[in-house]
Every structure is written in C-alpha cells, then in structure tokens.
Amino acid sequence: MTFEELVDQIVHRIQDGSFIRGTISQPRTKTADLRKVKLKPVEIKQEVHIQFEYHYERILKHENIKISEIRPHIAELLEQFRQLQAEFADENIHIQLTKKFKVSWKAEKTRDLKTVDLSHDRKKNYLLDGETPYPFLIRLGVQTAEGKVKKQKHDKFRQINRFIEFIDDALDYLPKDRTVRILDFGSGKSYLTFALYHYLHIEKGIDIEVTGLDLKKEVIEECNRIAEDLGYDQLKFLVGDINDFNEETAVDMVVTLHACDVATDMALARAVKWGANVILSVPCCQHELFSQIQSPALDIMLQHGLIKERFSALATDSIRAELLSLVGYDAQLLEFIDMEHTPKNILIRAYRTNKQPAPEAFMKYEAFRNMLQANPFLEQELKASGYLTLGRKE
C-alpha cells in the first residue's frame, strides 16, 4: 500500500459515517513541538465536521474542518507522525508507518456496534448536569429551584463546567491520605470557588479545606453567608491581599482567577513557595511587559499599540509557564472561557513534578527574556526565594 493509497483509505473510512474518534501520534522528529492530534466528528450548523485537537507541549488548540475537506490535513499529519489509532462503529484500526513510509495496518472487529456521537457542545458529558438542581447553583442564581439553568446564565454554567473539568483532571495530583488544602486568590463573587468545593467535597467525597481571598469586604461577607447557608463548613472567605497573606506554610492547590497584572505573579510565587501540587491561574491585565519590551527585531509588530498589548500579554503568560517549568512543574497554557471581568481566555495549569529541566531550558528562557529586555516580576520573586537560579540578565 502506497502512502497516497493509505491516505485515501483513511479519509474514506472517516467520511463513511462510522468514525468515532482517532489519535495521530509519535512525531517523526524528536524536537517536534506538536506531540499528537486527536480527531472526532462533530455536527456544526447541521453539517458534519472533524474536530482536530492539537496537543503541543504546553498548549491545546482546536480546529473544526468540514468532513469533505479533511484529506490534505490528514495527509500532512501522516507525513509528520508515524502512528494512527482510530475507532469506528464496527472496528478499531492501528496503523504504523516506518521511516520510509511503509504501512502496517491492523484491524480488529468490535463485538457490538458502537454509536457515533456528533454532539459538539458535549452537553451530555458535562460534569454538572444542566437538568439536576444543585443547591450552590440555585443559591448563586445560576439555576432555578427546579434545576433549570437560567437563560442569562448559560455562559456562566458552561464556564463552571469547564473549570470543573480542570479540577477533575487534577485529582491524581492531590493527596489521598489527608485533608487537601486549597487557596483561591481573588475569589470575587466565587462562582468557581463554590463549584470547586461542591465537586471535590460533595461529589467526590474528598476531605478539603478551602479559603477564598479577596479585597472587597462586602463580597467576602456575602460569600461567607452563602457558605453558611449551604452548610459548607470547610469553606471560608477572608478579606486580604495576595502579597500580605502569610498564614500558610503548605498548600496543595492554588487557584487565581483574573488577578490583575503582577498579582498573578505573586500568587504563582506563593504557590511555588508552598509546594502546591496544582496551580490553576487565569491572568488578567498584564501591563508589566508592555512598558519593558525593547526589541528592535520586533519593531514591525510593536510599533502598533494594539499588537504590542496583545503580544505583551501572550509573552507574559509564556514566560510564566516557562518559569514554572524551570522550578519543577509541568506547565501548560490552555483555552478557558472568557471571564466576566476580562476577555482573557488563557488558563495556566501547572502540576508539580519536581522534574529537573535540562540546562538548555534555562538558556532558552534567558535568550527569550533578554531579546525582550524584560525583567519579569515572577522571575525576581522566584530568585529572591531561592527557587530559581539564573545567570545575570544582560
């Protein structure tokens, strides 16, 4: 079987209506940034598409392509990768490609015919069901007393479910033999704080202690009333600033959502200091790098204020993720859902692995930082606390 014949057969099988899911993996080059691609069929505006989910080292991207137009995309990916595993309604196939594109094709018939799910919004897979009444969602005004999501709160309900997906993914990194300590910096109205408590303690039965911290006294008082009304005995809210919060010595999970500018960096630095196993952060209002960047090589971009602002925000989050990886975390930048207070939709997710990065990782980071002539706040915080050692900034 030639490479072109292989592509034709795969595309034909995907297009015949029996495709359930697939994974293209094993990059041909060890230095490839793209690690794998997951595929599944979805229906958008009454037309079938294939959703391509691209898994990079520290970020996920999605692209929906009409099923009739997927051939060049499949061909390009099979040139970059050596393996394809696909699940169909009637069989599973495993394809392996050698360096010279010699094809090994194995198929295994399934005992029972499977059903293809074309749902795009994944409503049926929500960790919180939109038809089930949840006391905290009713109390917060997201649901009616009967458990129906209010029309004006559908976006908030989606956001809560997306956040809980991140919490669910992090379960393996939380301790199993003791109380799990969780801090939420900048908790605000605390929709997600209550969702976190409900999912971990009520749904999963995990022994937790959660503290939400915010500067607005009236908001904190209201959140404490709600927690008391719901019987959430191990959830409390305090008035305080991230930089002045010194009551903890060890924390298992740190959450920081829409903390402005370097307040995010303060929270990340504290999380590292406390040895947090899980960090979930949605940054907001990144101004620090905007005033620092001086890079002639980027003048064509940075001469435009709008572009400079967006580039600064992306560079800031990239630096944060890289710094976390340099101090023993597996850090990724993932898509979230826009917060009420900001259109920013990037979430930094970091799991503590204590893995020692290669020496070239430090050099790579320093080269990028020096190109921008930046002096990142998080880097200085990690250096000052002794968690990061780098050469002198040029």
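Preceding this paragraph is the structure being described.
Structural notes, computed from the coordinates. (Residues numbered from 1 in each chain as written. Predicted model: local features only at pLDDT ≥ 70, side-chain atom pairs only at ≥ 80, totals over all residues. Heavy atoms only, no water.)

### Side note on the pairing of strand E6 (residues 91-97)
Within a regular strand, side chains alternate between the sheet's two faces.
Phase 1 of the analysis: In E6, alternate side chains face the same way, and those of Glu91, Ile93, Ile95 and Leu97 are buried while those of Asn92, His94 and Gln96 on the opposite face are not.
Phase 2 of the analysis: Two elements, strand E5 (residues 81-88) and E6, share five bridges in a ladder whose sense is antiparallel. Note on E6: the bridge partner recorded for Leu84 is Ile95.
Phase 3 of the analysis: Linking two consecutive strands that pair antiparallel, namely E5 and E6, is a turn of two residues.
Phase 4 of the analysis: Bridge count for E6 against strand E7 (residues 103-109) is seven bridges, and the pairing is antiparallel. Its bridge partner being in E7, Gln96 is matched across the sheet by Ser104.
Phase 5 of the analysis: Where E6 folds back onto E7 in an antiparallel hairpin, the turn is made up of five residues, including Phe101, whose phi is positive at roughly 65°. (Buried < 20%, exposed > 50% of the residue type's maximum accessible area, 1.4 Å probe, protein only. Helix = DSSP H or I, 4+ residues; strand = E, 2+ residues; numbered from the N terminus. Pairing = 2+ DSSP bridges.)

### Observations concerning unusual backbone geometry
Phase 1 of the analysis: A positive phi angle is found at Gln46, which is not glycine, with a value near 65°.
Phase 2 of the analysis: For Gln46, the position within the fold is in the loop between strand E2 (34-44) and strand E3 (47-56).
Phase 3 of the analysis: The backbone of Asn354 sits at a positive phi, close to 60°, despite the residue not being glycine.
Phase 4 of the analysis: Locating Asn354 in the fold gives a position in the loop between strand E14 (346-352) and helix H11 (359-372).
Phase 5 of the analysis: Taking the relative accessible area as the measure of exposure, Asn354 reaches 55% and is therefore exposed.

### Describing the sheet that holds E3
Phase 1 of the analysis: Read from one edge of the open sheet, seven strands run E4-E3-E2-E1-E5-E6-E7, paired in antiparallel fashion. Across the chains shown, the open sheet's two edge strands, defined by having one partner strand only, are strand E4 (60-66) and E7. Within this sheet the neighbouring strands show an average axis-to-axis angle of 15°, counted without direction.
Phase 2 of the analysis: By the bridge criterion, three bridges tie strand E1 (residues 19-27) to E2 in an arrangement that is antiparallel. Within E2, the position partnered with Thr23 by the bridge is Lys38.
Phase 3 of the analysis: Against the sheet, helix H1 (residues 3-15) engages E1, E3, E5, E6 and E7, with an angle of about 155° to E6.
Phase 4 of the analysis: Its contacts with the sheet place helix H2 (residues 71-80) against E1, E2, E3, E4, E5 and E6, and it is angled at close to 130° to E5. (Axes fitted to C-alpha atoms, helices over the stretch in contact; angles between N-to-C directions. Contact = heavy atoms within 4.5 Å.)

### Some words on empty space enclosed by the protein
Phase 1 of the analysis: In this structure the tally under the stated criterion is three cavities of 30 Å³ or more.
Phase 2 of the analysis: Here the second largest cavity defines a volume of roughly 40 Å³.
Phase 3 of the analysis: Looking at the lining of the second largest cavity, the elements that each hand over two or more residues are helix H8 (288-292), helix H10 (305-326) and helix H12 (377-384).
Phase 4 of the analysis: For the lining of the second largest cavity, the leading source of residues is H10, giving three residues.
Phase 5 of the analysis: Here the residues of the lining of the second largest cavity sort into five nonpolar, one polar and three charged. (1 Å grid on protein atoms, 1.4 Å probe; cavity = no way out; pocket = protein on both sides within 12 Å on 5 of 7 lines; lining within 4 Å. Points joined across faces, edges and corners; volume = space filled by probe spheres on them. Nonpolar A, V, L, I, M, F, W, Y, C, P; charged D, E, K, R; others polar.)

### Topic: a nonpolar patch on the surface
Phase 1 of the analysis: Judged by side-chain polarity, Met301, Leu306 and Ile307 come together as a nonpolar surface patch covering roughly 240 Å² of accessible area.
Phase 2 of the analysis: Along the chain, Met301 turns up in helix H9 (residues 299-302). (Patch = residues over 30% accessible without salt bridge, like charges linked within 9 Å, V, L, I, M, F, W, Y side chains within 5 Å. Areas by Shrake-Rupley, 256 points an atom, 1.4 Å probe, with all protein chains shown as cover. Salt bridge = Lys/Arg side-chain N within 4 Å of Asp/Glu carboxyl O.)

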